[in-house]
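Examination of the molecular architecture
The residues making up each chain are set out below.
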Amino acid sequence: VTVISPKGNVITYTGAGYNGTPFTNVKLEDLPSNVFSGWTEFGSNGYQYGYIALDAGSHYLVGEQKFGATGYGTYGSTSYGYPIGLNLDQINNTN
């Protein structure tokens, strides 16, 4: 899962992480490095992204501000991707 968020947004995770380790209301940046990649800033408008490695099961992300997430993966010779939640404001003005 890729998460895109404004910097400073506190996002918590509940669910099974990589290798089935259970987590309950843990801030993304407090997850182990094999579960969350850490935040990487992009652009100059205060947004960041990070990757979460998950196993099958139910997963919940809750943020103090708006954020977006995209799920993706492969199974055999098939790949998939889908938006998990997209409710961000405009990042760059394209006038």
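Read on for an overview of the structure. None of these values were measured; they are calculated from a predicted model. (Residues numbered from 1 in each chain as written. Predicted model: local features only at pLDDT ≥ 70, side-chain atom pairs only at ≥ 80, totals over all residues. Heavy atoms only, no water.)

**Some details on the packing of aromatic side chains**
Per the counting criterion, the structure on display carries five aromatic pairs. Judged by centre distance (5.2 Å) and plane angle (70 degrees), the rings of phenylalanine 36 and tryptophan 39 are edge-to-face. On the basis of relative accessibility, which here comes to 3%, the residue phenylalanine 36 falls in the buried class. Measuring from ring centre to ring centre gives 5.7 Å for tyrosine 49 and tyrosine 51, while their planes differ by 70 degrees; the resulting arrangement is edge-to-face. For tyrosine 49, a relative accessible area of 24% translates into the label partly exposed. Members of the aromatic cluster, each reached through a chain of ring pairs, are Phe42, Tyr49 and Tyr51. (Phe/Tyr/Trp six-rings, centres within 6.5 Å; stacked < 30°, edge-to-face > 60°. Buried < 20%, exposed > 50% of the residue type's maximum accessible area, 1.4 Å probe, protein only.)

**Focus on a nonpolar patch on the surface**
Taken together, Tyr80, Tyr82 and Ile84 make up a surface patch of nonpolar side chains, about 310 Å² in accessible area. By the element assignment, isoleucine 84 lies in strand β8 (residues 78–85). (Patch = residues over 30% accessible without salt bridge, like charges linked within 9 Å, V, L, I, M, F, W, Y side chains within 5 Å. Areas by Shrake-Rupley, 256 points an atom, 1.4 Å probe, with all protein chains shown as cover. Salt bridge = Lys/Arg side-chain N within 4 Å of Asp/Glu carboxyl O. Helix = DSSP H or I, 4+ residues; strand = E, 2+ residues; numbered from the N terminus.)

**Brief notes about the pairing of strand β2 (residues 11–17)**
With five of seven residues buried, β2 is to be regarded as a mostly interior element. The pairing of β2 with strand β6 (residues 54–63) spans six bridges and is antiparallel. Note that in β6 the partner of isoleucine 11 across the bridge is glycine 63. Across four bridges, β2 lies against strand β3 (residues 22–27) in antiparallel orientation. Across the sheet, the residue bridging to glycine 15 is phenylalanine 23, located in β3. Hairpin connection from β2 to β3: four residues lie between these consecutive antiparallel strands, with asparagine 19 at a positive phi of about 65 degrees. (Pairing = 2+ DSSP bridges.)

**Brief notes about the sheet that holds β3**
Ordered in space as β3-β2-β6, the three strands form an open sheet in which the pairing is antiparallel. The open sheet terminates on both sides in strands that have one partner only, identified here as β3 and β6. Averaged over all neighbouring strand pairs, the angle between strand axes comes to 10 degrees, with direction disregarded. (Axes fitted to C-alpha atoms, helices over the stretch in contact; angles between N-to-C directions.)

**Here we look at the nonpolar core**
Judged by nonpolar contacts, the single largest core of 13 residues is most densely connected at Val3, Phe23, Leu28, Leu31 and Ile52. Secondary-structure elements contributing two or more residues to this core are β2 and β3. Contacts of leucine 31, omitting those with residues within four sequence positions, involve Tyr13, Phe23, Val26 and Phe36. (Core = buried A, V, L, I, M, F, W, Y, C linked by side-chain atoms within 4.5 Å. Contact = heavy atoms within 4.5 Å.)

**Some thoughts on the environment of glycine 73**
By secondary structure assignment, the location of glycine 73 is in strand β7 (residues 68–75). Using a relative accessible area of 18% as the deciding quantity, one classes glycine 73 as buried. C-alpha of glycine 73 to C-alpha of serine 5: the two residues are 68 residues apart in sequence and 21 Å apart in space. Setting aside residues no more than four positions away along its own chain, glycine 73 makes contact with Thr78, Ser79 and Tyr80.

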